[in-house]
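Take a look at the letters that make up each chain.
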Amino acid sequence: MRLLIKNGQIITHEQSYFADVLCEDGVITQINDHIPDENVTEVIDAQGMLIMPGGIDPHTHMQLPFMGTVAIDDFESGTKAALAGGTTMIIDFVIPNPQQNLLEAYHQWRGWAEKATCDYSFHVAITWWDDSVSRDMQTLVEKHGVNSFKHFMAYKNAIMATDDMMIASFSRCIELGAIPTVHAENGELVYHLQQSLLERNITGPEAHPLSRPPIVESEAANRAISIADTLGSPLYLVHVSASQTLDAIRYATENGQRVFGECLAAHLTIDDSVYQDKNWLHAAAHVMSPPFRPKNHQQALWNGLKSGALQTTATDHCAFCAEQKSMGKNDFTNIPNGVSSVEERLMVLWNNGVNTGQLTMNEFVAVTSTNAAKIFNIYPRKGAIQINADADLVIWDPKATKVLSVINQHSKVDFNIYEGMTMTGIPAYTIAAGEVAYQRGEVLVKVGKGKYINRPPYASYYQTIEQSHQRKVAKAVKRDQ
Ligand code: URP
Ligand code: ZN
Ligand code: ZN
């Protein structure tokens, strides 16, 4: 397979220039002013369009068994939606039941993901702790290409990671060269607020944000940051939604910590007024955690992306249809948490970020693709346009428009949180492993075409962190003597 893309403008996280791109057998083999179209299988004329690294969504949940049901998008429909939106790789989550063997859960998810149409990888959640978990973390890092472990600080009585578990797991991450990630919400406080709202007979979706105010998020973020600082590990905070959490990240990074932050396309776009909708299903369709916030937090998130305090954008794609959301008809705590967004992320970031002047085109590439590749240690295989990089590209039409709607989406869910919003700047083609996977409305790729991507541990990076942590400890010991 030899695919030639001609006449387009290449946009990477650091450069913008005109060149043709040749993709052969899944990788980029030539980037030149003029590549002759001899012996090529297919030519795409990208005149007037931009060629960018395919999106990497570092946070999705396809087919997730969660809150008594299973997320409606499986690895086939979810990754087709991803490709239709210009995303060529997702990093999903293996979430073992408490007491479930980590390797068993990992293989279960690998089996489910065999029908993926784009490339994928897995973070593995630490939902319980004993010596076997510690051993299995090593096997996952050394034999299965896992370099990140997730800790849900919320979801008490289910998958919540307590402080003792996080301390043990973060320490193990350091030994293994893996990065700990957290869903930062204080699960005890959420539980307490949920119970007191229910006692007062406040049972609808409007109670959801009341049970998870910003301080519940920032308390957990500060705690995770403090644990990471004490142990000397880096930290990645998923779905940062509150300005107070950004303050915590800024404080930590200004004091020398490696703390990375992710925000969601949905939190950048939608505010908490959705929970006041008179239509129960409409409000319930927006129940996700952390919840949508008052408008001022949105600008704080954009500022976080602009300033570099937040490095990545994701979706937390975790789709539940009306019937599933109705499980919480009489009790908001039973509404399955999650929304869909994997198809819309790039368009939302472009329309609301680049078109409004909040982000440059290069920053757009950084926050939708390259930074995730760097943080999760797959750069420059992914997130780059350079020789030998995987030929995962999006050919972007900055002038074309699309109205986002449940009618034209590829997700199986029966709702679209961006319903009716007009996007200017949309993917015209998505190229995955050097082949056209999506073209103007149509997903063309075969089921199972996606590959599992191994993510190696961070050897040298950790050496640097370890050295600076040791220096810090030695200095403190000396001062105390
Ligand atoms: O509401 C959400 N975010 N559902 C998915 C699980 C999680 O917390 O990431
Ligand atoms: Zn979460
Ligand atoms: Zn999530």
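Above this text is the structure in question.
Residues numbered from 1 in each chain as written. Chains lettered and ligands numbered in written order. Predicted model: local features only at pLDDT ≥ 70, side-chain atom pairs only at ≥ 80, totals over all residues. Heavy atoms only, no water.

Trainee: Explain the coordination of the zinc ion (ligand 3) here, please?
Mentor: Each donor-metal-donor angle would ideally measure 109.5 degrees in four-coordinate tetrahedral geometry, or 90 or 180 degrees in six-coordinate octahedral geometry. For the zinc ion (ligand 3), every protein donor is listed as H59 (NE2), H61 (NE2) and D316 (OD), and the spread of their distances is 2.0 to 2.2 Å. Geometry at the zinc ion (ligand 3) is irregular, judged from its four donor atoms and the angles of 84 to 136° they form at the metal. Binding-site remark: the zinc ion (ligand 3) is held by donors from one chain whose sequence spacing is H-x1-H-x254-D. The two metals, the zinc ion (ligand 3) and the zinc ion (ligand 2), are separated by 3.5 Å. (Donors = N, O, S within 2.8 Å, 3.2 Å for Na, K, Ca; no water. Tetrahedral: all angles 85-135°; square planar, octahedral: opposite > 155°, others 65-115°.)

Trainee: So what exactly am I meant to see when it comes to the coordination of the zinc ion (ligand 2) here?
Mentor: Within the first shell, the zinc ion (ligand 2) binds the protein through H183 (ND1) and H239 (NE2), at distances of 2.1 Å. Bound by four donor atoms, the zinc ion (ligand 2) shows angles of 57 to 145° at the metal and therefore irregular coordination geometry.

Trainee: Honestly, helix α2 (residues 102-112) in this entry has me stumped. Any pointers?
Mentor: Along an α-helix, residues three or four positions apart point the same way, because every turn accommodates 3.6 residues. Of all the residues in α2, the buried ones are L102, L103, A105, Y106 and W109. Take α2 and look down its axis: the buried residues cluster within an arc of 160°, on one side only. Close packing links the buried residues of α2 with β9 (65-66), α1 (75-84), β11 (87-94), β12 (119-125) and α3 (131-144). (Buried < 20%, exposed > 50% of the residue type's maximum accessible area, 1.4 Å probe, protein only. Helix = DSSP H or I, 4+ residues; strand = E, 2+ residues; numbered from the N terminus. Arc of directions from axis to C-beta. Contact = heavy atoms within 4.5 Å.)

Trainee: I'm lost on the layout of surface pockets in this one. Help?
Mentor: Empty pockets left among the atoms are what a rolling probe the size of a water molecule brings to light. In this structure, the largest pocket spans a volume of roughly 580 Å³. Taken together, 28 residues form the lining of the largest pocket, with F66, M67, Y155, K156 and A158 sitting closest to its centre. Elements that contribute at least two residues to the lining of the largest pocket include exactly β9, α2 and α5 (187-199). Of the residues forming the lining of the largest pocket, the biggest block, five residues, is contributed by α5. Residues belonging to the lining of the largest pocket are distributed by class as follows: 14 nonpolar, 12 polar and two charged. (1 Å grid on protein atoms, 1.4 Å probe; cavity = no way out; pocket = protein on both sides within 12 Å on 5 of 7 lines; lining within 4 Å. Points joined across faces, edges and corners; volume = space filled by probe spheres on them. Nonpolar A, V, L, I, M, F, W, Y, C, P; charged D, E, K, R; others polar.)

Trainee: How do you make sense of the pairing of β12 when you look at a structure like this?
Mentor: Here is the key point about a regular strand: its side chains alternate between the two faces of the sheet. Among the seven residues of β12, seven are classified as buried, and the element is accordingly described as predominantly covered. Side chains of β12 alternate between two faces, with D119, S121, H123 and A125 and Y120, F122 and V124 buried alike. As a crossover connection, the stretch from β11 through α2 into β12 is right-handed. (Right-handed = clockwise from strand over helix to strand, strands pointing away.)

Trainee: I keep staring at the packing of helix α13 (residues 345-354) against helix α14 (residues 361-375) and nothing clicks. Help me out?
Mentor: The angle between the axes and the distance between the axes are what describe a pair of packed helices. Relative to each other, α13 and α14 sit at 145°, their axes nearing to 11 Å. Where α13 crosses over α14, the two elements pack in a sense that is right-handed. Here α13 contributes R345, L346, L349, W350 and V354 to the contact with α14, which in turn contributes M361, F364, V367 and T368. (Axes fitted to C-alpha atoms, helices over the stretch in contact; angles between N-to-C directions. Left-handed = near helix turned anticlockwise from the far one by under 90°.)

Trainee: What is the right way to read the sheet that holds strand β15 (residues 235-237) from this model?
Mentor: As a general point, the strands of a sheet are linked pairwise by backbone hydrogen bonds and lie either parallel or antiparallel. With parallel pairing, the eight strands of this open sheet are ordered in space as β8-β11-β12-β13-β14-β15-β16-β17. Taken across any chain shown, the strands that pair with only one partner, and hence form the sheet edges, are β8 (55-60) and β17 (312-314). Neighbour-to-neighbour, the strand axes of the sheet open up by a mean angle of 30°, direction not taken into account. With two bridges connecting them, strand β14 (residues 179-183) and β15 associate as parallel partners. In the strand pairing of β15, T181 is matched with Y236. Packing of helix α4 (residues 163-176) onto the sheet brings it into contact with β13 (148-152), β14 and β15, and relative to β14 it is tilted by some 150°. Those strands touched by helix α8 (residues 243-254) are β15 and β16 (259-264), and its axis lies near 155° from that of β16. (Pairing = 2+ DSSP bridges.)

Trainee: Hey, could you run me through α1 in this one?
Mentor: Most of α1 sits out of view: eight of its 10 residues are buried. By the burial criterion, the buried members of α1 are F75, S77, G78, T79, A81, A82, L83 and A84. The elements touched by buried residues of α1 are β11, α2, β12, β19 (422-432), β20 (435-439) and β21 (442-443). Its side-chain oxygen placed 3.0 Å from the backbone nitrogen of E76, D74 serves as the N-cap of α1. Of the residues one or two after α1, G86 is the one with positive phi, at around 90°. (Polar contact = N/O pair within 3.5 Å; in protein donor to acceptor, adjacent residues only side chain to side chain.)

Trainee: Quick question: what am I supposed to make of the pattern of salt bridges here?
Mentor: Pairs can form between side chains of opposite charge once their charged atoms are near each other. This structure, assessed with the given rule, holds 20 salt bridges. The closest approach of N and O atoms between D74 and K412, which form a salt bridge, is 3.6 Å. Of this pair, D74 sits in the loop between β10 (69-70) and α1 while K412 sits in the loop between β18 (393-403) and β19; the two residues are 338 residues apart in sequence, bridging distant segments of the chain. Overall, K412 belongs to the partly exposed group, its relative accessible area being 47%. With a shortest N-O distance of 3.0 Å, K80 and E76 are connected by a salt bridge. Note that K80 and E76 are positioned in helix α1 at a spacing of four residues, about one turn of the helix. Owing to a relative accessible area of 24%, E76 belongs among the partly exposed residues under this scheme. (Salt bridge = Lys/Arg side-chain N within 4 Å of Asp/Glu carboxyl O.)

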